[in-house]
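Overview (structure and organization)
For reference, the chains in residue letters:
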Amino acid sequence: MEISGVISAIVIGVIIGALGRLVLPGRQRIGVLRTIGVGIAAAFVGTGIAAGLGVADTQGVDWIEWLVQIGLAAAGVAALERFRSRH
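Let me begin by describing the structure that accompanies this report. (Residues numbered from 1 in each chain as written. Predicted model: local features only at pLDDT ≥ 70, side-chain atom pairs only at ≥ 80, totals over all residues. Heavy atoms only, no water.)

Examining the overall build of the chain
Definition in use: Strands here are runs of E lasting at least two residues and helices are runs of H or I lasting at least four, both read from the DSSP assignment and numbered beginning at the N terminus. For a compact globule the rule gives 2.2 Å times the number of residues to the power 0.38, and the radius of gyration it is set against comes from C-alpha atoms. A simple rule labels every residue: compare its accessible area, found with a 1.4 Å probe on the protein chains alone, to the largest value its type can have, and call it buried under 20%, exposed over 50%, or partly exposed in between. Here a residue-residue contact requires only that any non-hydrogen atoms of the pair lie within 4.5 Å. Residue-level accessible areas treat just the shown protein chains as cover; the underlying method is Shrake-Rupley with a 1.4 Å probe. His is not counted, nor are the chain ends, whereas Lys and Arg count as positive and Asp and Glu as negative. Lys charges are placed at NZ, Arg charges at CZ, Asp charges at CG and Glu charges at CD.
Tallying secondary structure elements over the chain gives three helices and zero strands in all. In terms of overall dimensions, the chain is globule-like: its C-alpha atoms have a radius of gyration of 13 Å, near the 12 Å expected for 87 residues. Burial analysis of the chain (87 residues in total) assigns 30% to the buried set. Intrachain contacts of the chain at a sequence separation of at least 6 include 64% that bridge at least 24 residues. When the accessible surface of the chain is summed, it comes to about 5800 Å², and 68% of that surface belongs to carbon and sulfur atoms. Each charge class in the chain can be summarised by its mean position, and for the 7 positive and 5 negative side chains these summaries are 24 Å apart.

Listed below in structure tokens is the structure:
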């Protein structure tokens, strides 16, 4: 993987993770690094799901792909929050 690929994955992870947290009500008690990790994972998985649905590469902004990624990030943040609250 190229350095630009790693940097872009981190930047997209930050954006997707932050948007995933914004979708959830209340305050989440997970750190920035975990949010970025969830965002990166959600971006990769969301892109795969969007590609499977045939909506990953459309003309203009890929809104459906973004919505899938943000939804996955919100689910990941909520899951981490629940896991952390149990311990």
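This is not the end of the story, as more comes after the structure.
Quick notes on the environment of I36
When you line up the elements, I36 lands in helix α2 (residues 32-53). By relative accessible area, which is 17% here, I36 ends up buried. Discounting residues that sit within four places of it in the chain, I36 has contacts with I10, G13 and V14.

Considering the pattern of salt bridges
How we decide: Salt-bridge detection follows one rule: a side-chain nitrogen of Lys or Arg within 4 Å of a carboxyl oxygen of Asp or Glu.
What the rule picks out here adds up to one salt bridge. R29 is paired through a salt bridge with E81; the nearest N and O atoms lie 3.8 Å apart. One end of the pair, R29, is in the loop between α1 (3-23) and α2; the other, E81, is in helix α3 (residues 63-86), with 52 residues separating them in the sequence. A relative accessible area of 54% means that R29 is categorised as exposed.

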